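Structure assessment
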Amino acid sequence: FPFLILLSGCNAADPTGAEEYLDTEEMVLIPAGEFIMGSSEEDVKKYLLQYIYRTPERFSNEQPQRIVYVDSFYIDKYEVTNEQYGKFLKATGHKPPPFWDNELYNQPKQAVMAVSWEDAKAYAEWMGKRLPTEAEWEKAARGIDGRIWPWGNDWDPAKLNANDVGTIDGYVYTAPVGSFPQGVSPYGVHDMAGNVWEWVSDYYDKDYYKYGPTVNPKGPEKGENHVARGGSWDINNDFTRCASRFGLSPGSLLTGIRCAKSIE
């Protein structure tokens, strides 16, 4: 896959003791073009059979399904790690997020967790980047074919850090980034399902797909909450679908960061 290396990472042991080199600041190029965004009526029928305790209203904020065009952009190949975020804290004097001193969540290669939207935005800008738009995030996660999860249309708990208390994926809490290469998106982006929620730049409106533009949409002009994408290690699996969208208050917990960068 085409990519841009901004900075070199370092070779460090993850909490499992497995030695693996990851350039955690590597970015992936997502080409310009159209993709399928949201969920169709047929999709929702499938979801209701799969998630029997859900109602159609649960999926209404993903509709109507639309063909959306986005310009080319770069997106982080991995979620931001504690190691990366720690450099930001040291350089800027920002207050650490909750759980920063908790050994269950603070290992260097684990995805940083419990970052507020404001601090996620500040980190991205400190890095010379930005938060992705909701449309950019979804295209990077699912490609152009409307697949349900980054790897395809069939649920596979071995391809993400999901809500199984570690019985299948091996992680009770957050995982080191890049732990599930078998679950990458069509563009080679890791961990876009599960592990930690990822903030995007957009304000949240459950009805936005009904009126938003279909070329480089950037979300409503204002709102109380922002959109988080991808689900997390402890959330119900339907939230890990590429099309799933959730409005969270800016200070919500269990949220992490993945940055984007416009092409000059």
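This structure is a prediction, so every number in the text was calculated from the model and none was measured.

Cut-offs used in this document
- Residues numbered from 1 in each chain as written.
- Predicted model: local features only at pLDDT ≥ 70, side-chain atom pairs only at ≥ 80, totals over all residues.
- Heavy atoms only, no water.
- Core = buried A, V, L, I, M, F, W, Y, C linked by side-chain atoms within 4.5 Å.
- Buried < 20%, exposed > 50% of the residue type's maximum accessible area, 1.4 Å probe, protein only.
- Helix = DSSP H or I, 4+ residues; strand = E, 2+ residues; numbered from the N terminus.
- Contact = heavy atoms within 4.5 Å.
- Pairing = 2+ DSSP bridges.
- Salt bridge = Lys/Arg side-chain N within 4 Å of Asp/Glu carboxyl O.
- Polar contact = N/O pair within 3.5 Å; in protein donor to acceptor, adjacent residues only side chain to side chain.

If you look at the biggest cluster of nonpolar residues, it comprises 21 residues, and the most contacted ones within it are I30, F73, I75, V189 and M192. If one sorts the elements of this core by residue count, helix α4 (residues 134–142) sits on top with 4 residues. Discounting chain neighbours no more than four positions away, the residues touching M192 are I75, W137, A140, A141, P150, E198, G230 and R258. Within the second largest apolar cluster, 20 residues are counted, among which are F88, A120, Y123 and L248.

Side chains of strand β4 (residues 66–70) alternate between two faces, with R66, V68 and V70 buried and I67 and Y69 left unburied. Pairing of strand β3 (residues 33–37) with β4, which is carried by 5 bridges, proceeds in the antiparallel orientation. Paired with E34 across the two strands is Y69, which belongs to β4.

Restricting attention to buried positions, one finds in helix α3 (residues 117–126) the residues W117, A120, A122, Y123 and A124. Structurally, α3 contributes buried residues whose contacts are with α2 (82–92), β6 (197–203) and β7 (226–229). Immediately downstream of α3, the backbone of G128 shows phi near 75°, a positive value.

This model, assessed by the stated rule, comprises 19 salt bridges. As a salt-bridge pair, E62 and R241 come within 2.7 Å of each other at their nearest N and O atoms. One end of the pair, E62, is in the loop between α1 (41–50) and β4; the other, R241, is in the loop between β7 and β8 (245–248), and 179 residues separate them in sequence. For the pair formed by E62 and R241, the shared burial category is buried. Note that E138 is salt-bridged to R142, the shortest N-O span being 2.6 Å. Placement of both E138 and R142 in helix α4 is noted, with a separation of 4 residues, approximately one turn of the helix. Its relative accessible area of 0% is what places E138 among the buried residues. Sharing partners across several salt bridges, the network here consists of R54, R58, E62, D238 and R241.

So, on to the pairing of strand β2 (residues 26–30). Within a regular strand, the side chains alternate between the two sheet faces. Where burial is concerned, most of β2 is hidden: 4 out of the 5 residues are buried. In this structure, β2 lies alongside strand β5 (residues 73–76), joined through 4 bridges in antiparallel fashion. Looking at β5, one finds that M27 is bridged to D76.

Mapped onto the elements of the fold, E198 is located in strand β6. By relative accessible area, which is 1% here, E198 ends up buried. Within the structure, the side chain of E198 is placed 2.8 Å from the side chain of R258, a separation counted as a polar contact. When residues no more than four places from it in sequence are discounted, the contact partners of E198 are E79, W137, D191, M192, V227, A228, R229, G256 and R258.

These values are about where atoms sit, not about what they do.
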